[in-house]
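# Commentary on secondary and tertiary structure
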Amino acid sequence: MLILANVRERWSGFLGAFVAVLVGVALITTTLVIYDSARAKVQPRYEGTAALVLPKQAVDTDGSPEDRMPWSRTEAEPLVSGLTKIPGVADAVVDRSFYAQAIKNGTPVTDEGADESGHGFASARMAPYRLVSGRAPVTANEVVVDRDLGAAVGSELTVNITKGREQFRVVGTVDGPGYYFSEQFAARHQPGVATIALIPDKGADTGVIVSGAKKVIGDHGSVVSGDGRSELQPEYIEHKRFLGVQLISAMALLGLFTTVFVVASMLVLSTGMRRREIGLLRTIGASPQQIRHMILGEAAVVGLAGSIAGCLAGMAATPLLLSILKGLDVTPPGMEITVAAWPLLTGSLVGIGVSVIGAWSAGRKATKVAPIEALLDSRSANKGMGRGRWTAGLSVLGLGALLAIGTATSTADNRVNMAIFATMTLIVAAALLTPAFIGPAGRFLTAPFQRGGKAAPVLIRAELVANPRRAASLVAPVIAAVGFAVLLSGMVSTMRIAYPAGEALKVAGQTIVTPDGTPGNTDEVVADNPVGKAALPTRAFVETKNGKNSEQPGASTVLDVLGSRDAKWNKQGEAVLGKKTAGDLGLKQGQKVPVRFTDGATVTLRVSQVLPDDPARGDFVVARDLVRAHDPDALTDDIFVPGDAKASAAAPGVALHDAAAYALADYNTDAKLTESLAMILIVIAVGYSVIAVANSMAMAAHGRRRDFEVMKSAGGTVRQLLFTSAGETALVIVIGAALGVLVTLPPLAGMAAGLSEATSSDVGLHLNSGVVIVAITGTLMAALLAGAAVTVGYGAFSFHHGTPLHALSPGM
């Protein structure tokens, strides 16, 4: 009851922490609800199945589960025969998916999932999609299409397949997406069997079907049913989900860090302003343990209240975040919001936990308050840096420096995350060490104003020198706001310069043939451009005795294999490996290795060379004809035509670029998402920190109301009080902004150095001055308004009611 009474009595002192918890929990709840809503769902084309039978799963070089290894036609035939005989199974359909895309008016029909839109006609039964007109395809030149495509039965339709454009007769239409060919045609384009769908009889028991299927398959694969069928997702949907998860994960991580950082600084500030109150409690017999329990209990109550309000605000804000993600095109098609219990519980636990953890440090210091401090000014104690704070600050600073150095040497995939972690660490270090130099910085910045005869500069200087910890608590959220704004905008600006420049340097003098509206280049396009690099990618499976995964019985490693037509690598029976891949697989030059392709066939290759890693060459390179023989559906990557040869764009769905245009187009593919992500994170970080700064300034002004009363009794006007408060606020913002910029320079410099090495170009550090100015200005304005509102309120109250006697006494 005492804790609740304290919270009610001192609600203004806890308001800042409450708002910080509310915003943090709202952000975390919103992102978790979106994450839960974006989970994989059973695709419509599998809704008519009782179960899906899948081959064994391979792992990547790190041992994580990855692709399924398709059965060969010979391996699949007895399985299909056995599955068909299971009671309740109407049919066992071999589901094949391959590239197919209609060409209309010389342009590919827009289709995000075109690389998996082709199927055998039997696959239409899985949805089930109904044949609304015509008949099923029988010959290789017949096709059944979606009725929404607008192709009439009996008409001719140009369809782009792996070979290129071919003419097909439309013999039927269905009420669902896709291109449905004869089973023989589908088997030629995807000879491997990756999925066997079990179509149930009407009223059949799914449990009986699944049990029977598991007996037939044994250890040759696995059976999924119900929600487990969501494992099969089109690649473009998985890519969108991956991008969306990356974005909301970054938002959640930033929200969690900012919440912990801001709540902790606010609770430390609030508790530090109550030293005389705590000293009085110690005088009347309160034990250190009781003080600690009081501080933690108050924080828990504030955290609970903030969490409840945050969960409600988070649910209300979820549609807005979903709308933003849809605008960025990083959500699965048809995604809808579903609110489960676990995001709300998680957000609440985070809010309460952060509040209690943040209060722990403040409570530890509060237990050391002596009873005599009831007679002292609350701000007179703990002016300096304790040994523990020095140790923690310097240790965190050293860790931040190491992370900044690591930013320069990390891989491209980890460089951004490393820079963010380095900045977070340096922000914490700066907040811990701020009391050590807040006084000297205050003396330096106020020195030019000391000779003017004004009292305000003297008072501001004295306040910063006398109470560095209070000032440090005010500076902390400013460091976070400006630091994240500088880092995120600087990363985007630096990458915008680095990546196009580096990529253009690599392909200088070449013409690049790229897909335009299609998922890849067909063999027709390759034939039109017979000179230059034309890598043909596929996925293959390797099982070695000495590789990283050799300790996992029966585990095969899946990896990307490139088929090359370059005379140096296009040699039958041979493979060229990068050094890292060779090490992961435990292979050396001259060794032979069995490689299983997507058609289920295994080919033994000799490792002819192990070369330094080169992304432009590939990590596992074989003859192009070998890939085409075992993966008839593979599409070719960008084709790099040398300057002395002429590139062709005669086929539809093709674009030509010179080095500069290619580099810019390649970067712009992800630039929109990267810049949008950065802006969202900047808005979150700066907006959150602005709220924290405003609350901190209001709390500080509230805590100094006795000072205002004393200044009023000495003849100060409300205008003078306001000027003094604004001056101190501006000085604090300047110091915080300077530290915010300084802590981001090492990670950004490390990132620029890493990009210089990765792109083989001279990359300098680039800052977005516009974003930095807006962040600093917004933070300053919020702080000034909050401080001014409280100052004017107390000044006006004192002016109308006179100066209380306690303003002139040392008591409470």
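Provided above is the structure to which this section pertains.
In this numbering scheme, every chain counts its residues from 1 along its sequence in written order. Totals for whole chains, interfaces and linings use all residues, but because this is a predicted model, local features are given only for residues with pLDDT of at least 70 and pairs of side-chain atoms are given and counted only at 80 or more. Note that water and hydrogens are dropped before the side-chain values are worked out from all heavy atoms of the structure.

### What about the overall build of the chain?
A run of H or I in DSSP becomes a helix once it reaches four residues, and a run of E becomes a strand once it reaches two; helices and strands are each numbered from the N terminus. The number of helices and strands found in the chain is 20 helices and 24 strands. We call a residue buried when its accessible area falls under 20% of the maximum for its residue type, exposed when it is over 50%, and partly exposed in between, using a 1.4 Å probe and counting protein chains only. Scored against the burial criterion, the 812 residues of the chain give a buried share of 51%. Within the chain, contacts between residues at least 6 apart in sequence are counted, and of these 82% link residues at least 24 apart. Surface exposure of the chain reaches about 35,500 Å², of which carbon and sulfur atoms provide 61%. Throughout, a contact is declared for two residues whenever any of their heavy atoms are within 4.5 Å. In these tables, accessible area is a Shrake-Rupley quantity obtained with a 1.4 Å probe, and a residue counts as shielded only by the protein chains included in the view.

### Concerning helix 3 (residues 73-84)
An ideal rise of 1.5 Å per residue puts 16 Å on 12 residues; helix 3 measures up with 16 Å between its terminal C-alpha atoms. Burial in helix 3 covers these residues: Ala-76, Leu-79, Val-80 and Leu-83. What you see down the axis of helix 3 is that its buried residues fit within an arc of 105°, all on one side. Across helix 3 from its buried face, at more than 90 degrees, point the exposed residues Thr-74, Glu-77 and Pro-78. Working rule for helices: expected span equals 1.5 Å times residues minus one. By construction, the arc corresponds to the directions joining the helix axis to the C-beta atoms.

### Topic: the sheet that holds strand 24 (residues 654-657)
Adjacent strands of a sheet pair through backbone hydrogen bonds, lying either parallel or antiparallel. Spatially, the four strands line up as an open sheet ordered 16-23-15-24, and their pairing is antiparallel. With one partner strand each, in any of the chains shown, strand 16 (533-534) and strand 24 form the two edges of the open sheet. Strand direction decides the pairing type here: strand 15 (residues 511-515) and strand 23 (residues 639-641), joined by three bridges, are antiparallel. Across the sheet, Val-513 pairs through a bridge with Ile-639, a residue of strand 23. Following DSSP output, two strands are said to pair if at least two bridges run between them.

### Remarks on the pairing of strand 15
In this sheet, strand 24 lies alongside strand 15 in antiparallel orientation, the contact comprising four bridges. Bridging from a neighbouring strand, Thr-514 pairs with Ala-655 of strand 24.

### Notes on the sheet that holds strand 4 (residues 89-94)
Pairing within the open sheet is antiparallel, and its four strands lie in the order 4-13-1-14. Each of the sheet's edge strands pairs with one partner strand only, and the pair in question is strand 4 and strand 14 (221-225). The mean angle between the axes of side-by-side strands here comes to 20°, regardless of whether they run parallel or antiparallel. Axes here refer to lines fitted to C-alpha atoms; in helices the fit is confined to the stretch in contact. Angles between the N-to-C directions go from 0 to 180 degrees. With respect to the sheet, helix 3 is in contact with strand 1 (51-55), strand 4 and strand 13 (196-200), its orientation differing from that of strand 4 by roughly 160°. Strand contacts of helix 5 (residues 206-217): strand 1, strand 4, strand 13 and strand 14, with the helix running at about 170° to strand 14, the strand carrying the most contacts.

### Points about the pattern of salt bridges
Salt bridge, as used here, is a side-chain nitrogen of Lys or Arg placed within 4 Å of a carboxyl oxygen of Asp or Glu. Under the defined criterion, the tally for this structure stands at 17 salt bridges. Arg-165 is paired through a salt bridge with Glu-524; the nearest N and O atoms lie 2.6 Å apart. Taken together, the positions of Arg-165 in strand 11 (residues 164-174) and Glu-524 in helix 14 (residues 523-528) put the pair 359 residues apart, joining distant regions of the chain. Note on Arg-165: relative accessible area 41%, which makes it partly exposed. Taken together, the shared-partner salt bridges connect Glu-66, Asp-67, Arg-539 and Asp-560 into one network.

### A closer look at the side chain of Thr-779
Along the chain, Thr-779 turns up in helix 20 (residues 769-801). You can call Thr-779 buried: its relative accessible area is 1%.

### Here's the deal with the packing of aromatic side chains
To pair, rings of Phe, Tyr and Trp, with the six-membered ring standing in for Trp, must have centres within 6.5 Å; the planes then decide the type, stacked if under 30 degrees apart, edge-to-face if over 60, and tilted in the middle. Going through the model one piece at a time under the given rule, you end up with six aromatic pairs. Centroid distance Phe-98 to Phe-181: 5.7 Å. Interplanar angle 40°. Geometry classified as tilted. Residue Phe-98 is found in the loop between strand 4 and strand 5 (101-104), and its partner Phe-181 is found in strand 12 (residues 179-181); the two are separated by 83 residues along the sequence. A residue is classified by how much of its surface remains accessible, and Phe-98, at 0% relative accessible area, is buried. For Phe-181, a relative accessible area of 0% gives the class buried. Ring geometry for Phe-98 and Phe-185: centres 6.2 Å apart, planes at 55°, overall tilted. With Phe-98 in the loop between strand 4 and strand 5 and Phe-185 in helix 4 (residues 183-189), the pair connects residues that are 87 residues apart, well separated along the chain. A relative accessible area of 3% places Phe-185 in the buried class. Taken together, the aromatic side chains of Phe-98, Phe-168, Phe-181 and Phe-185 make up a single cluster linked through ring pairs.

### Some words on the packing of helix 3 against helix 5
At a minimum axis separation of 9 Å, helix 3 and helix 5 run at an interaxial angle of 150°. One way to sum up the angle between helix 3 and helix 5 is to call them roughly antiparallel. Seen along the crossing, helix 3 lies across helix 5 with a hand that is right-handed. Residues Leu-79, Gly-82 and Leu-83 of helix 3 touch helix 5, and the partners they reach there are Ala-213, Val-216 and Ile-217. When an angle is under 35 degrees it counts as roughly parallel; over 145 it counts as roughly antiparallel; between 65 and 115 it counts as roughly perpendicular; any other value is oblique. Handedness of a crossing is defined here by the sense of rotation of the near helix relative to the far one, left-handed for an anticlockwise turn of less than a right angle and right-handed for a clockwise turn.

### A short note on the nonpolar core
Remark: nonpolar core denotes a set of buried residues (Ala, Val, Leu, Ile, Met, Phe, Trp, Tyr, Cys) joined through side-chain atoms within 4.5 Å. Within the largest apolar cluster, 68 residues are counted, with the highest numbers of intra-cluster contacts made by Met-251, Ile-427 and Met-491. Listing elements by their share of this core, those giving two or more residues are helix 2 (11-37), helix 6 (235-272), helix 8 (288-327), helix 11 (412-446), helix 13 (468-506), helix 17 (659-703), helix 19 (718-759) and helix 20. For this core, the element with the most residues is helix 13, which contributes 16 residues. Setting aside anything within four residues of it in sequence, one finds Met-251 in contact with Leu-27, Thr-31, Leu-321, Ile-680, Leu-681 and Ile-684. Counting 22 residues, the second largest nonpolar core, distinct from the first, contains Val-593, Val-607, Val-622 and Val-627.

### Observations concerning the environment of Asp-631
Looking at where Asp-631 falls in the secondary structure, it is placed in the loop between helix 16 (624-630) and strand 23. Assessed through its relative accessible area of 13%, Asp-631 is described here as buried. Sequence-wise, Asp-631 and Phe-597 are 34 residues apart; in three dimensions their C-alpha atoms are separated by 7.3 Å. In this structure, Asp-631 is in contact with Pro-537, Thr-538 and Thr-598, ignoring residues within four places of it in sequence.

### A short note on the environment of Thr-538
Its place among the elements puts Thr-538 in strand 17 (residues 536-542). By relative accessible area, which is 5% here, Thr-538 ends up buried. With residues near it in sequence (within four places) discarded, Thr-538 still touches Leu-559, Asp-560, Val-561, Phe-597, Thr-598, Val-627 and Asp-631. A polar atom in the side chain of Thr-538 sits 2.7 Å from the side chain of Asp-631. Under this definition, polar contacts are N or O atom pairs within 3.5 Å; protein pairs additionally need one hydrogen-donor-capable and one acceptor-capable atom, and for neighbouring residues in sequence, both atoms have to be side-chain atoms.

### Quick word on unusual backbone geometry
The omega torsion across Ala-127 and Pro-128 is -10°, close enough to zero to call that bond cis. Within the secondary structure, Pro-128 is located in the loop between strand 7 (118-120) and strand 8 (131-134). Backbone geometry places Asn-105, a non-glycine residue, at a positive phi of 55°. Tracing the backbone shows Asn-105 in the loop between strand 5 and strand 6 (107-108).

### Considerations on the pairing of strand 22 (residues 620-623)
As paired elements, strand 18 (residues 557-564) and strand 22 share three bridges and run parallel to each other. Note that in strand 22 the partner of Gly-563 across the bridge is Val-622. Judged from the two bridges that link them, strand 19 (residues 574-578) and strand 22 form a sheet pairing that is antiparallel. Its bridge partner lying in strand 22, Leu-577 is registered against Phe-620.

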